[in-house]
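Listed below are the residues making up each chain.
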Amino acid sequence: MRFLGVAAQVTAIVKTFERPRSLDRLVRTIRRRYPRLRVIVGDDSVTPYPRTDVEYVRLPVDIGVAAGRNALLELVETPYFLTLDDDMAFTAETRIELLLETLERHQADLVAGDLIDCEQRWPMWVSRRRQVYHGVMRREGDTLQLIPGHAGSRGEAFECDLTPQFFLARTALFREIGGWFAPLKFDDQHELFLRLKQHGCRVLHRPDVSAEHWQESPLVYAAFRARDYAPLVASRHGLRRITDLDGNEREFPLVEQAA
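These remarks concern the structure in this document. (Residues numbered from 1 in each chain as written. Predicted model: local features only at pLDDT ≥ 70, side-chain atom pairs only at ≥ 80, totals over all residues. Heavy atoms only, no water.)

## Brief notes about the overall build of the chain
Working step 1: A tally of regular secondary structure across the chain gives eight helices and 15 strands.
Working step 2: For the chain, the C-alpha radius of gyration of 18 Å lies close to 18 Å, the compact-globule estimate for 259 residues.
Working step 3: In terms of overall dimensions, the chain has C-alpha extents of about 50 × 45 × 40 Å along its principal axes.
Working step 4: Look at the contacts in the chain between residues 6 or more apart in sequence, and 71% of them connect residues 24 or more apart.
Working step 5: When the accessible area of the chain is evaluated, it comes to approximately 12000 Å², of which 51% is carbon and sulfur surface.
Working step 6: One finds the centroid of the 36 positive side-chain charges in the chain at a distance of 3 Å from the centroid of its 38 negative side-chain charges. (Helix = DSSP H or I, 4+ residues; strand = E, 2+ residues; numbered from the N terminus. Rg over C-alpha atoms; globule rule 2.2 N^0.38 Å. Contact = heavy atoms within 4.5 Å. Areas by Shrake-Rupley, 256 points an atom, 1.4 Å probe, with all protein chains shown as cover. Lys, Arg positive; Asp, Glu negative; His and termini not counted. Charge placed at Lys NZ, Arg CZ, Asp CG, Glu CD.)

Laid out in structure tokens, this is it:
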């Protein structure tokens, strides 16, 4: 019944770029846990890597993560969607039904799980570390500070403003806010969650639900990845200073806001 419930209400979207091995791991683990789940993969790689075990969408080369996710969002027909990066993997702790229950019970707009960073150190040993990427946003004028932690609790979940991009959300809401900011080809999280906060959306975090994160940077991927979009985010939101979750501070010139 778990499979039928999730499959009837949720569509998974995955934007992939030049990481076919990572994507293969993700798809295999999704099928193991949720064989009936609709999975839509958008591929904007220089060299395409078509698949027949998902709904494969060939995107324009280097369209970017934000525009690519927007294209996939247009294809979603369920009330909720699950966004995933191609370097994630499902485990026994990736319980989408719990995210769905929390979203509906608390009338939330978005519910996220945790990511477990995984690194193969030796043939038989993998290093695993829980990624801390949930926090609250504090804005004062043109200064934005990201603070690790939660703003409060709501039953089995915790209130926050920022989560990893492993989350379940309401399809209609994301269409209403315009999805992701299309010019951002990478690093689109902060801009997205800034707008969610501005719209008064309820964002929750369930640390008892998690997926693995196997970060991989092949040469072509790394070459395209090495671009800085933080100034564009700062410009769009009229920010002069941003402090990230690790306490690193960046300053930006105040320029006319981007459309």
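## A word on unusual backbone geometry
Working step 1: One non-glycine residue with positive phi stands out, namely Glu18, at about 60°.
Working step 2: You will see that Asp62, though not glycine, has its phi angle at about 55°, which is positive.

## Remarks on helix H3 (residues 65-73)
Working step 1: Among the nine residues of H3, eight are classified as buried, and the element is accordingly described as predominantly covered.
Working step 2: Those residues of H3 not exposed but buried are Val65, Ala66, Ala67, Gly68, Arg69, Asn70, Leu72 and Leu73.
Working step 3: Where H3 is buried, its residues meet strand E1 (10-16), strand E2 (38-43), strand E3 (55-58), strand E4 (80-85) and helix H5 (171-176). (Buried < 20%, exposed > 50% of the residue type's maximum accessible area, 1.4 Å probe, protein only.)

## Some thoughts on the environment of Asp244
Working step 1: Within the element layout of this structure, Asp244 appears in the loop between strand E14 (241-243) and strand E15 (249-251).
Working step 2: What makes Asp244 partly exposed here is its relative accessible area of 23%.
Working step 3: Along the backbone, Asp244 and Arg206 are 38 residues apart, and their C-alpha atoms lie at a distance of 21 Å.
Working step 4: Among the polar contacts listed, one links the side chain of Asp244 to the backbone nitrogen of Asp246, at a separation of 2.9 Å.
Working step 5: Looking at Asp244, its side chain comes within polar contact range of the main-chain nitrogen of Asn248, at 2.8 Å. (Polar contact = N/O pair within 3.5 Å; in protein donor to acceptor, adjacent residues only side chain to side chain.)

## Quick word on the pattern of salt bridges
Working step 1: Under the counting rule described, the total for this entry stands at 27 salt bridges.
Working step 2: Arg227 is the partner of Asp62 in a salt bridge, and the nearest nitrogen-oxygen pair spans 2.9 Å. Highlighted residues: Asp62 in the loop between E3 and H3 and Arg227 in the loop between helix H7 (219-225) and helix H8 (230-236), separated in sequence by 165 residues.
Working step 3: On the accessibility criterion, Arg227 (25% relative accessible area) is partly exposed. (Salt bridge = Lys/Arg side-chain N within 4 Å of Asp/Glu carboxyl O.)

## With respect to the packing of aromatic side chains
Working step 1: Within this structure, the stated rule accounts for seven aromatic pairs.
Working step 2: Look at Phe167 and Phe193: their rings are 6.0 Å apart centre to centre, the planes differ by 85°, and that puts the pair in the edge-to-face class. Taken as a pair, Phe167 in strand E12 (residues 167-170) and Phe193 in helix H6 (residues 189-198) lie far apart in primary sequence, 26 residues in all.
Working step 3: In this structure an aromatic cluster arises from ring pairing among Phe81, Phe167, Phe174, Trp180 and Phe193. (Phe/Tyr/Trp six-rings, centres within 6.5 Å; stacked < 30°, edge-to-face > 60°.)

## Brief notes about the environment of Gln189
Working step 1: Looking at the element boundaries, Gln189 is found in helix H6.
Working step 2: Distance from Gln189 to Asp85, taken between C-alpha atoms, is 12 Å for residues 104 residues apart in sequence.
Working step 3: With residues near it in sequence (within four places) discarded, Gln189 still touches Tyr133, Leu162 and Gln165.

## Observations regarding the pairing of strand E13 (residues 203-213)
On any regular strand, side chains alternate: one points to one face of the sheet, the next to the other face.
Working step 1: Among the 11 residues in E13, nine count as buried, and that is most of the element.
Working step 2: Relative to E13, strand E6 (residues 110-122) runs parallel, the two being bridged by seven bridges. Considered in E13, the bridge of Ile116 is made with Glu212.
Working step 3: As paired strands, strand E11 (residues 157-159) and E13 are joined by two bridges and run antiparallel to one another. Each bridged residue has a counterpart across the sheet, and for Glu159 the counterpart in E13 is Leu204. (Pairing = 2+ DSSP bridges.)

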